[in-house]
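So you can see what is in the structure, the chains are spelled out below.
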Amino acid sequence: MSWIEKLYETSVEIGKMQLSGPDRPWPVSHVAKKAHVEVTLGSKGDFRRIRALSFDESLTIIPVTESSANRTSNDAPHPLCEELSYCAADLPNRKEKRFKEFIELMDQWAESEEFSHPKVKAVRNYLKNDGKLYTVLCKNNLLPFKTVNPKGKKTPVEDKKVFVRWCIEESGKPHSGTWEDESLIESWINFDASQNMPNKENQSLCMLSGASVRIAKGHHRFLRTPDDGAKLLSSNDLEGFTFRGRFTDVKNDSGKQACTVGYVESQKAHNALRWLIARQKYHKIEDEFVRCFVTWAVRCKPIPDPCANSLDFLGDEFKINDTATPQDGDVGQSFALRFNKKLAGYKANISDTEDIVVMGLDSATPGRMAITYYRELTGSEFLERIEKWHSDFSWFQNYGRDKRFLGAPSPKDIAWCSYAKRIGENSELRVDIKLLNATVERLLPSIVDGRPVPRDLIEQSVRRVSNRAGLEPWEFEKCLGIACSLFKGFYNDRRYSMALEEERTSRDYLYGRLLALADQIEWRALRLANEKRGTTASRLMQRFSDRPFSTWKNIEEALKPYKDRIRAKYPGLLDGYEELLDAIHSKILSANYITDTRLTGEYLLGYHCQRQWFRDHKREKGQWILKSADDVENQEADFEE
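Residues numbered from 1 in each chain as written. Predicted model: local features only at pLDDT ≥ 70, side-chain atom pairs only at ≥ 80, totals over all residues. Heavy atoms only, no water.

Observations regarding the sheet that holds strand E2 (residues 37-42)
Strand order in this open sheet of four strands is E3-E2-E8-E5, and the pairing throughout is mixed. Both edges of this open sheet fall to strand E3 (47-52) and strand E5 (82-83), since each of them pairs with a single strand only. Alignment of E2 against strand E8 (residues 163-169), held across six bridges, turns out to be parallel. If you follow valine 39 over to E8, its bridge partner there is tryptophan 166. Along the sheet face, helix H5 (residues 118-129) touches E2, E3 and E8 and points at about 120° away from the line of E8. (Pairing = 2+ DSSP bridges. Helix = DSSP H or I, 4+ residues; strand = E, 2+ residues; numbered from the N terminus. Contact = heavy atoms within 4.5 Å. Axes fitted to C-alpha atoms, helices over the stretch in contact; angles between N-to-C directions.)

Following this line, the structure appears as structure tokens:
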């Protein structure tokens, strides 16, 4: 119960923020439904107009009873806004019981001396005196009704399921919608409480507040999205035999042998969770629920998202553009300085003892939700582990022309790099939702608990990058950065630098440098002839990673015509390339690295760093020197005439 206790404490802190309108959590005894049509009435209940609602404006806060909020097969009505099967007096083949109970409930509210409201009376009067909503909808060509989502997909709605909301126009009152009227919302909360005062049947000890209050018989759903029917807390029942044999209570005393939670306390805790999930912009992918991970500080202070990549964390000002000045040395140190500066902003607001909660939610079935991951940390622990993740796994990331940065990838990016497959007519690389959920869940302990990244993810990402022929150029660049990031972070004790390490003499690193050098020589020669095609090194990258020594012979022999082409125009540049080839060869031969065993992901670090080194350096007067800011935009700047 720790999670719900933390959520209840969070709801108290949210209440102190005094939010209003759509920014605040749902009020107690209210839920949000997607309405289909809006009926406008006068203050006396006279009909004025009706209109269909678009997808974006359909979400409506409506008052509910405890029974109606949890209804599945029963007929419990909502007290104000309802489906046509409840509120249309002329709907063909309707259930008379539904309309009768709906009007009775509204009558009780409208006739209440303390909690009555003019808008409720207006709706009640219209339904009792006229109420021919079905006829009105038909006259306005609104039936049969179809919803249209932002992608243009149309979904038909049964006539009896068309949901109606109300606007009451009154002079001097700008908020005509019943969902916008704070006095109406407050009126229902008080009326519902007055109808359910704690008594012998519904009163018990609340495990959250420790008080003897009205206990909840049912708990909220719609936690992730308005159409999410999965519940975190299930309630005991006497008819469905969900908990058959576990409890011996009877109808008048049901629900008290299990862990009891107060009605208001449960609503506040669930509303706080829903509010937190909505603020983190949770969304479904292709109508499938993605596993939801929500992170928050109990005192509602802003904290970094553990599932974000470094660019999302640091902001667009930390992007790398084409005109960035080349840097000599380990750029990881400058990244660490900027990252720590950003993190210091969070540390100023979050105390060391601040309660931070990380919770993962998923539903295996449409009706039940489970907590798949849960951690409580102090503020200092949480920030320390976020800092460690982004520092250890920082690398050059290239997600496209407008999204290049230094830092760590997000768990979703890692899942995409490791397991994406070509799906659909466009052969787009996408990850299966279940595989994505499982991978993110496996990676979260590495971020939040500081555990090692699963080794199979590293191996899989290295294999994906090595199979360069199966990737588009932008896909290869993205996967390369992610794979290097994972390998560097996993072997953090080896102290890899985010720059070319000319003194590093490990076999795999040197073979990676050789591959980048061969790639550069052929690419430069092709460019001189205005040819646009892949290099031999890129085509043989998979084979090179499996059998580097024997494959290098083929790559080296294929370089001869390209070397001749460069020699004819820029002999000094070729001299520079051959100096590098000799230097790397000598290190490999002196260390007797001429074995043909498979390369580890370390070769990608050598390849990526050597390639980046070529972009930052030019050959001038027989020396390799760092490009200046003016050279960056000049593609020919690394030539020696």
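Things to note about the environment of arginine 547
You can see arginine 547 is positioned in the loop between helix H18 (541-546) and helix H19 (548-558). In the structure, arginine 547 is positioned 51 residues away from arginine 598 in sequence and 5.8 Å away in space, judged by C-alpha atoms.

Some remarks on the domain arrangement of the protein
Domain boundaries assigned for the protein yield domain 1 (35-196), domain 2 (324-361 + 371-494) and domain 3 (507-640). Centre-to-centre separation of domain 1 and domain 2, based on C-alpha positions: 48 Å. (Domains from an automatic or database assignment.)

Some thoughts on the packing of helix H16 (residues 507-528) against helix H21 (residues 571-590)
Viewed as axis vectors pointing N to C, H16 and H21 meet at an angle of 160°, and their least axial separation amounts to 10 Å. As far as their axial angle goes, H21 and H16 are roughly antiparallel. Relative to H21, H16 is oriented so that their crossing is left-handed. Facing H16, whose interface residues are Leu510, Tyr511, Arg513, Leu514, Leu517, Gln520, Ile521 and Arg524, H21 presents Leu573, Tyr577, Leu580, Leu581, Ile584, His585, Lys587 and Ile588. Looking at the contact of H16 with H21 residue by residue, the classes come out as eleven nonpolar, two polar and three charged. (Parallel < 35°, antiparallel > 145°, perpendicular 65-115°, else oblique. Left-handed = near helix turned anticlockwise from the far one by under 90°. Nonpolar A, V, L, I, M, F, W, Y, C, P; charged D, E, K, R; others polar.)

A closer look at the pattern of salt bridges
Enumeration according to the criterion identifies 42 salt bridges in this entry. For arginine 24, the salt bridge goes to glutamate 182, with nearest N and O atoms at 3.3 Å. You can see arginine 24 sitting in the loop between helix H1 (2-16) and strand E1 (30-34) and its partner glutamate 182 sitting in helix H7 (residues 182-195), a full 158 residues away along the chain. On the basis of relative accessible area, glutamate 182 is assigned to the partly exposed category, the value being 41%. In this structure, aspartate 456 engages arginine 442 in a salt bridge whose closest nitrogen and oxygen atoms are separated by 2.7 Å. Pair noted here: aspartate 456 is in helix H14 (residues 455-466) and arginine 442 is in helix H13 (residues 433-448), with a separation of 14 residues, a long-range link. (Salt bridge = Lys/Arg side-chain N within 4 Å of Asp/Glu carboxyl O. Buried < 20%, exposed > 50% of the residue type's maximum accessible area, 1.4 Å probe, protein only.)

Structural notes on unusual backbone geometry
Of note, the bond from leucine 143 into proline 144 is cis; its omega dihedral lies within 30 degrees of zero at -5°. Residue placement: proline 144 occurs in the loop between helix H6 (133-139) and strand E6 (145-148). If you check the backbone angles, asparagine 93 has positive phi at about 60° while not being a glycine. By the secondary structure assignment, asparagine 93 is in the loop between helix H3 (84-87) and helix H4 (96-110). On the basis of relative accessible area, asparagine 93 is assigned to the exposed category, the value being 83%. Unusually for a residue other than glycine, asparagine 530 sits at a positive phi of about 55°. Its place among the elements puts asparagine 530 in the loop between H16 and helix H17 (536-539). Of the residues examined, asparagine 530 reaches a relative accessible area of 71% and is grouped as exposed.

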